[in-house]
Amino acid sequence: QVQLVESGGGLVQAGGSLRLSCAASGGTFSAYFMGWFRQAPGKEREFVAGISWSGGGTYYADSVKGRFTISRDNPKNTVYLQMNSLKAEDTAVYYCAARRTRAYNPHEYDYWGQGTQVTVSS
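What this report covers is the structure whose coordinates are included nearby. Just so we're clear, the structure is a prediction, and the values are computed from it rather than from any experiment. (Residues numbered from 1 in each chain as written. Predicted model: local features only at pLDDT ≥ 70, side-chain atom pairs only at ≥ 80, totals over all residues. Heavy atoms only, no water.)

1. What to know about the pairing of strand 11 (residues 116-121)
Link 1 in the chain: Residues Thr116, Val118 and Val120 of strand 11 are buried on one face, while the alternating residues Gln117, Thr119 and Ser121, pointing to the opposite face, are not.
Link 2 in the chain: Where strand 2 (residues 10-13) lies against strand 11, four bridges are found, and the strand directions are parallel. Considered in strand 11, the bridge of Gln13 is made with Ser121.
Link 3 in the chain: In this sheet, strand 11 lies alongside strand 9 (residues 92-99) in antiparallel orientation, the contact comprising three bridges. (Buried < 20%, exposed > 50% of the residue type's maximum accessible area, 1.4 Å probe, protein only. Helix = DSSP H or I, 4+ residues; strand = E, 2+ residues; numbered from the N terminus. Pairing = 2+ DSSP bridges.)

As structure tokens, then:
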């Protein structure tokens, strides 16, 4: 059983930056593909970014490509999401999630954090 805890959310002005962290425990972190998702009010949860076990493969939604960067530190059991050039439409609750293999559909993920709110003011 893997437990995930996100942190780093907050209120930021448009054009600003935030760095989210997701700390994992209870499993072999390096064995999992990690994903970041977000859910805005009234919308479905959507894939934002994903990273392979070694960190050698990274994947992004078109809406964040070039602005967000996912990374991981396996010895620290942590995955990060660096968010730059934030826009009002990035406002959402951000979740990290884990599964054994790469996937973009949130329904395919086995483990979830509780989420962290990101609010971008325009």
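2. Structural notes on the state of the cysteines
Link 1 in the chain: Summed over the entire model, instances satisfying the criterion amount to one disulfide.
Link 2 in the chain: Between the sulfur of Cys22 and that of Cys96 lies a disulfide, 1.9 Å long from S to S. On the S-S bond that ties Cys22 to Cys96, the torsion sits near 50°, and the link is right-handed. With Cys22 in strand 3 (residues 18-25) and Cys96 in strand 9, this pair connects stretches of sequence that are 74 residues apart.
Link 3 in the chain: Note on Cys22: relative accessible area 0%, which makes it buried. (Disulfide = S-S within 2.5 Å.)

Function cannot be inferred from these measures alone, as they are strictly geometric.
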